[in-house]
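# Structural description and commentary
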Amino acid sequence: MSNISHTGRDMASHPDVSEMRDRYARMLGGRDVALVDAPVFLVGLYCAISPWVLHFTASQPTLATHNLIMGVAIAALGLGFTVMPERMYGLSWAICAMGAWTIISTWIVGSSPDLGVVLNNIIIGGLTVLLGLACAVVSMKSGTRAA
């Protein structure tokens, strides 16, 4: 059998090392907020199903529809950050706005909501704002434009 081990040889002497480094940088480019993708998606998913989890679909039908639409939109942004992060970083501030709207929409869209519904939307909105801020701050630090 032949010995095909390359002990003693350094990768720095490989003829394609600069091309491999460039490709690696391209593949990882825009993944600075990878830790935010899944939480944004999960918060959006919970926002969408929260009317059925907390059973306020009958007492607050407009707020239930609102939470479903906002949850799907937030989850779609979370998926967008996963699929094409370099294009989606500009929407980091939009996530913050959606979170703020989720907080105040409880009283605007809903009709005299009870404490459980209010706390639910405040927690969802607060988490959404915090995740949007984290995404915006990290993308600004990495030099990616966050509109």
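These notes cover the structure that comes with them.

### Quick word on the overall build of the protein chain
In terms of regular secondary structure, the protein chain is built from six helices and zero strands. Going from the N terminus to the C terminus, the protein chain shows its helices and strands as α-α-α-α-α-α. When burial is assessed residue by residue, the protein chain has 35% of its 147 residues classed as buried. For the protein chain, the exposed area adds up to about 9,000 Å²; of that, 68% sits on carbon and sulfur atoms.

### Points about helix 6 (residues 115–141)
The terminal C-alpha atoms of helix 6, which comprises 27 residues, lie 39 Å apart, in line with the 39 Å expected from a rise of 1.5 Å per residue. All buried positions along helix 6 are accounted for by Val 117, Val 118, Asn 120, Asn 121, Ile 124, Gly 125, Thr 128, Leu 131, Gly 132, Cys 135, Ala 136 and Ser 139.

### Here's the deal with a nonpolar patch on the surface
A cluster of nonpolar side chains, Trp 93, Leu 130, Leu 133, Val 137 and Met 140, forms an exposed patch at the surface whose accessible area comes to about 440 Å². Examining the composition of the nonpolar patch, we find that four residues originate from one element, helix 6, more than from any other. Relative to the assigned elements, Met 140 resides in helix 6.

Quick notes on the rules
- Residues numbered from 1 in each chain as written.
- Predicted model: local features only at pLDDT ≥ 70, side-chain atom pairs only at ≥ 80, totals over all residues.
- Heavy atoms only, no water.
- Helix = DSSP H or I, 4+ residues; strand = E, 2+ residues; numbered from the N terminus.
- Buried < 20%, exposed > 50% of the residue type's maximum accessible area, 1.4 Å probe, protein only.
- Areas by Shrake-Rupley, 256 points an atom, 1.4 Å probe, with all protein chains shown as cover.
- Expected span 1.5 Å × (residues − 1).
- Patch = residues over 30% accessible without salt bridge, like charges linked within 9 Å, V, L, I, M, F, W, Y side chains within 5 Å.
- Salt bridge = Lys/Arg side-chain N within 4 Å of Asp/Glu carboxyl O.

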